Amino acid sequence: MRIVVGSDERTHLTDLVLEELRRRGFEVEPVGPLAGVQQSWSEVARIVAEKVARGEADEGILFCWTGTGVSIAANKVPGIRAALCDDAETARGARLWNNANVLCMSLRRTSEAIAKEILEAWFNTRYIPNPEDDACLNRVAEIERTYWKTAEPVSA
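Conventions and cut-offs
Note on numbering: residues in each chain are counted from 1, in written sequence order. Only residues with pLDDT of 70 or above have their local features reported here, since the model is predicted, and side-chain atom pairs are shown and tallied only from 80 upward, although totals for entire chains, interfaces and linings are computed over all residues. As a convention, hydrogens and water are excluded, and side-chain values are obtained from all of the structure's heavy atoms. Pairing of aromatic side chains requires ring centres within 6.5 Å, counting the rings of Phe and Tyr and the six-membered ring of Trp. Pairs whose planes differ by under 30 degrees are stacked, by over 60 edge-to-face, and all others tilted. Only DSSP runs of H or I reaching four residues or more are called helices, and only runs of E reaching two or more are called strands; each is numbered from the N terminus. We call a residue buried when its accessible area falls under 20% of the maximum for its residue type, exposed when it is over 50%, and partly exposed in between, using a 1.4 Å probe and counting protein chains only. A ring is scored as having a charge over it whenever the NZ atom of a lysine or the CZ atom of an arginine sits within 6 Å of its centre and within 35 degrees of its normal. Patch construction takes residues with relative accessible area above 30% that form no salt bridge. Like charges are linked within 9 Å, and nonpolar side chains (Val, Leu, Ile, Met, Phe, Trp, Tyr) are linked within 5 Å. Per-residue and other accessible areas follow the Shrake-Rupley method at a 1.4 Å probe size, with only the shown protein chains counted as cover for residues. Between Lys or Arg on one side and Asp or Glu on the other, a salt bridge is scored when a side-chain nitrogen of the former is within 4 Å of a carboxyl oxygen of the latter.

Engineer: Lay out the packing of aromatic side chains with the relevant residues and their values.
Structural biologist: Here the distance between the centres and the angle between the planes together describe a pair of aromatic rings. Under the criterion given, the structure shown has one aromatic pair. Ring centres of Phe26 and Phe123 lie 4.6 Å apart, and the angle between their planes is 40°; on these two criteria the pair is classed as tilted. One end of the pair, Phe26, is in the loop between helix H1 (12-23) and strand S2 (27-31); the other, Phe123, is in helix H5 (residues 112-123), and 97 residues separate them in sequence. In this structure Phe26 comes out as buried when scored by relative accessible area, which is 17%. Taking relative accessible area as the criterion, Phe123 reaches 9% and is therefore assigned buried. Taking NZ or CZ as reference, Arg95 lies 4.4 Å from the ring centre of Trp122, over its face.

Engineer: Residues and numbers for a nonpolar patch on the surface, please.
Structural biologist: A surface patch of nonpolar side chains, amounting to about 390 Å² of accessible area, comprises Ile143, Tyr147 and Trp148. Of note, Trp148 is situated in the segment after helix H6 (131-147). Residue Trp148 is classed as partly exposed on the basis of its relative accessible area, which comes to 43%.

So this is what it looks like as structure tokens:
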């Protein structure tokens, strides 16, 4: 699996997550300061989200101080379902019910132990198609098509 990871700054936490992803056998593509390029959180989020939306990466992970900015920016890209996760249960729910494809975390609020728990839940949970959640995700895709005329339907 190919994971694109971005942050507006390189920290001990981002290094730990990159190391953990590689340990799990994922192909990792760092973006922004994680790749030695100074970029804002909005630009890093756009790059990561576009790579996921175009299928150049299977999933994305984003960081900024609160995690909110990258989540907002990534969700502007049609087909992206970015979830700000502060704990493992939120990550599990984002995958199970929302078919989230970009994980967002706060550099300020996420400890190393919590980050590992979040990653564990994220990668061990998959979306299970079902009528209720499929209908909700289709409504999200409809919203995208309404406001972004080039948006493609969500495929589960």
